[in-house]
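Understanding the architecture of this molecule
Each chain, written out:
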Amino acid sequence: MKKIVMSSMLVAAAVSMSACSTLRGAAIGGAGGAGVAAVTGKDVGKGAAVGGTAGAVVGTVVD
């Protein structure tokens, strides 16, 4: 249940972000990382952190 709540909070954050590509990329990456971690049975917090970092890098490059 905790994984589902964490994943849904990250998805909500991704949807509500402003137009800044770095923040949007971090939020989407974090939500994706948390989702993948939840599905594979890994640590959701670590998945969100790794996904958020990767998304921020991509968002910075795009912006």
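Residues numbered from 1 in each chain as written. Predicted model: local features only at pLDDT ≥ 70, side-chain atom pairs only at ≥ 80, totals over all residues. Heavy atoms only, no water.

Per an unreviewed UniProt entry, the recorded name for the protein chain is YMGG-like Gly-zipper domain-containing protein, and the organism is Sphingomonas mollis.

The helix and strand tally for the protein chain stands at 3 helices and 0 strands. When burial is assessed residue by residue, the protein chain has 29% of its 63 residues classed as buried. Taking the intrachain contacts of the protein chain between residues at least 6 apart in sequence as the baseline, contacts between residues at least 24 apart amount to 47%. A total accessible area of about 4,000 Å² is found for the protein chain, and carbon and sulfur atoms account for 74% of it. (Helix = DSSP H or I, 4+ residues; strand = E, 2+ residues; numbered from the N terminus. Buried < 20%, exposed > 50% of the residue type's maximum accessible area, 1.4 Å probe, protein only. Contact = heavy atoms within 4.5 Å. Areas by Shrake-Rupley, 256 points an atom, 1.4 Å probe, with all protein chains shown as cover.)

Further remarks concern helix α2 (residues 21-40). Along its 20 residues, α2 runs 28 Å from first to last C-alpha, staying within 8% of the 28 Å computed at 1.5 Å per residue. For α2, the complete set of buried residues consists of Ser21, Gly25, Ala27, Gly29, Gly30, Ala31, Gly33, Ala34 and Ala37. (Expected span 1.5 Å × (residues − 1).)

Right, let's talk about the environment of valine 61 for a bit. Locating valine 61 in the fold gives a position in helix α3 (residues 44-62). Note on valine 61: relative accessible area 68%, which makes it exposed. Sequence separation between valine 61 and serine 21 is 40 residues, and the spatial gap between their C-alpha atoms is 8.8 Å.

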